[in-house]
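Spelled out from the first residue to the last, the chains are:
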Amino acid sequence: MDDERNIQLTVVHPPEEDGNEVRIDLSLIFGYLKRFFVLWLAVAVALGSFVLAVSSWRKNVTYIGDAMALITYTFDEAAKGLAPDGTPLDPAKIQSPNVVEEALNTLQVDLGQIDKVRTNLKVEAVMADESYDRMTLYNNMLAKSTSVNMDLIRSLLSTESNATRYIVSFDYLRAGFSRQEGIDLLNAILDSYRQDFEVTYNYNVALGSSLEVVDYTEYDYAETITIFTNTLDDMETYLNDLKDSDTAGFRSSVTGSTFDDLLLRVSTLRDIDLDQAAAYITGNAVTRNGAEREIAHYEWLIQELTRQKAVQDARLASLTDSIAAYEKDPVIYNGEDVAAADQDGTTDYYDQLIADKLSTQNQISRNMRTIRFYQNEIEILKTDRPATQQAKDRADEFLGEVNEKVNLLLNDVKRTADDYYSKAAFSKTVQVLVPAMAESPSLTSGDMKKNMIIAEGVLLVVYFGAAVIQGIRASNRKAEKDLEQPQTAAEN
């Protein structure tokens, strides 16, 4: 028989419920999480918006650095430290009272702030890397070599070594402005300076015309031809200068003309219309004041023009000799031709000689043409063929037609030039390479990001904490009710 086995069952009664125990019901906690979710989400969005708003406010009021902009002078003389009229270039005029006052008026800022604005503006030159490297090279040449032309090197060092770019900064905080106000004000000051620069140096030099000063009908016919000829020659010179400065083939939106179009009209008017009038007047010996008086007057004019031509001939000979004697003197450094004369603008003197020679030749040609015209007119007047009234009337018609066309052309030239300088040439004087800007706290920088995380983190903890606390309280209230129900039943 198997060994007896004693099996003992012990029934252990659970201890009595202690009313101080804390009960946790996860289902109730999750229920409160769902119940509070919408409220938490709404508060989280509102809090995030508040933090972003504060960050944006700080971005405008927090000072990290000055408002700064970069400008450049693009006309040729700027590299030599000269303004367009040949006077020293002074970028500090950005701080001038009239420039700052115009900017304050544009932004409707109290003019009482003008001194604060001016004293907190600063202009600093920026030398290009190429210029810096070039000056370093020449300084090394001066220090290490004794065989180079020292005078030439010194002239190169003083040529085109001036900065053409400048940083303009504005300490808006000390001036009493916010960051955005400082940026707007600096941009307005630069715009005001560009306008003042154009007005001061007036690139669009007015095209003078004898037709606007005198009445051609008060002069004899041949003299009127000279007046028209000089006016057209002046227009041609003016247009050629504009054409040389135009590198983009400017076409005016006002007149629809290019400078080549206007030059063609000048040539046509002078070579056809004016020549026809001159030929008729000369061929018919048309005069207003009588042959003898006009002959004496023309002879005097010829003498004056002959004297002017003699002076111009001497000047032309001198210029020709100077050009022939001019030699480009390249710098030899370490066996290599630096070609400094070509690189650094020392050929400006040579180019000026060429320009002066061409100008003198043109003036000589104009005087010779006028002299020949007067001589021919004298020969016609000496024939004792008085002009008929019909010939005079016809000459007046010719000159009236020429006058009308010249005035129309003159008006088109002026309008085209105004359009060119307002749109094309002005942009090549002072340019704002980088508009005003000022460093500000970034919305994604460490501090801003940290503040956002902390605020949302605290809100998340509050959300979970509220759900847990409410869940635990509900669990304990439920347990208390469960304990009270059996006791009540037993008593009954």
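Criteria and thresholds
Residues numbered from 1 in each chain as written. Predicted model: local features only at pLDDT ≥ 70, side-chain atom pairs only at ≥ 80, totals over all residues. Heavy atoms only, no water. Helix = DSSP H or I, 4+ residues; strand = E, 2+ residues; numbered from the N terminus. Buried < 20%, exposed > 50% of the residue type's maximum accessible area, 1.4 Å probe, protein only. Contact = heavy atoms within 4.5 Å. Core = buried A, V, L, I, M, F, W, Y, C linked by side-chain atoms within 4.5 Å. Salt bridge = Lys/Arg side-chain N within 4 Å of Asp/Glu carboxyl O. Pairing = 2+ DSSP bridges. Axes fitted to C-alpha atoms, helices over the stretch in contact; angles between N-to-C directions. Arc of directions from axis to C-beta. Patch = residues over 30% accessible without salt bridge, like charges linked within 9 Å, V, L, I, M, F, W, Y side chains within 5 Å. Areas by Shrake-Rupley, 256 points an atom, 1.4 Å probe, with all protein chains shown as cover. Expected span 1.5 Å × (residues − 1).

## Description of the overall build of the chain
Secondary structure assignment for the chain yields 14 helices and 6 strands. Sorting the 492 residues of the chain into buried and exposed places 35% on the buried side. When contacts within the chain are restricted to residue pairs at least 6 apart in sequence, those whose partners lie at least 24 apart make up 82%.

## Digging into the nonpolar core
In this structure, I225, L232, M235, L239, L242, L399 and L409 are the most contacted members of the largest nonpolar core, which totals 45 residues. For this core, the secondary-structure elements that each account for two or more residues are α8 (221-245), α9 (259-283), α10 (291-325), α12 (348-381) and α13 (389-425). By residue number, the principal contributor to this core is α13, which donates 12 residues. If sequence neighbours within four positions are ignored, I225 has contacts with L274, A277, A278, I281, F373 and L399. Grouped together as the second largest cluster of nonpolar side chains are 35 residues, V100, A103, L121 and F170 included.

## Here's the deal with the environment of P84
In this fold, P84 is placed in the loop between β1 (67-73) and α2 (97-106). Under the relative-accessibility criterion, P84 is labelled partly exposed at 23%. A C-alpha to C-alpha distance of 9.9 Å links P84 and F197, two positions 113 residues apart in sequence.

## Things to note about the pattern of salt bridges
In the structure shown here, the tally under the stated rule is 13 salt bridges. For R394, the salt bridge is made with E397, and the minimal N-O distance between the two is 2.8 Å. Here R394 and its partner E397 are both found in helix α13, 3 residues apart, which amounts to about one turn of the helix. Relative accessible area serves as the criterion here: at 31%, R394 is assigned to the partly exposed category. Residue classification places E397 among the partly exposed positions, given a relative accessible area of 44%. Taken together, the salt bridges that share partners define one network made up of D233, E236, R270, D271 and R369.

## Quick look at the sheet that holds strand β3 (residues 165-170)
Within the open sheet, the 4 strands sit side by side as β2-β3-β1-β6. Their pairing is antiparallel. The strands lining the two open edges of the sheet, one partner per strand, are β2 (121-126) and β6 (430-437). Neighbour-to-neighbour, the strand axes of the sheet open up by a mean angle of 20°, direction not taken into account. Alignment of β1 against β6, held across 5 bridges, turns out to be antiparallel. Bridged to Y73 within β6 is V430. The sheet strands contacting helix α7 (residues 179-201) are β1, β2, β3 and β6, and the helix crosses β6 at an angle near 170°.

## Describing α2
By the burial criterion, the buried members of α2 are V99, V100, A103 and L104. Angular distribution of buried residues about the axis of α2 spans 130°; they occupy a single face of the element. Packed against the buried residues of α2 are α3 (114-119), β2 and α7.

## Considerations on a nonpolar patch on the surface
On the surface, a cluster of nonpolar side chains totalling about 370 Å² of accessible area is made up of F37, V38, L41 and V45. Taking relative accessible area as the criterion, L41 reaches 40% and is therefore assigned partly exposed.

## Regarding α9
Over its 25 residues, α9 runs 34 Å from end to end, which matches the ideal 36 Å to within 8%, given 1.5 Å per residue. Along α9, the positions that sit buried rather than exposed are F259, L262, L263, V266, L269, R270, D273, L274, A277, A278, I281 and T282. Remark: A285 follows α9 within two positions and exhibits a positive phi of approximately 50°.

## Structural notes on the side chain of D233
Structurally, D233 is set in helix α8. Setting aside residues no more than four positions away along its own chain, D233 makes contact with R270, R366 and R369.

## A short note on the pairing of β1
Most of β1 sits inside the fold, with 6 of its 7 residues counted as buried. Pairing analysis gives 6 bridges linking β1 to β3, with the strands arranged antiparallel. Paired with M68 across the bridge in β3 is S169.

Honestly, it's all geometry; don't read function into it.
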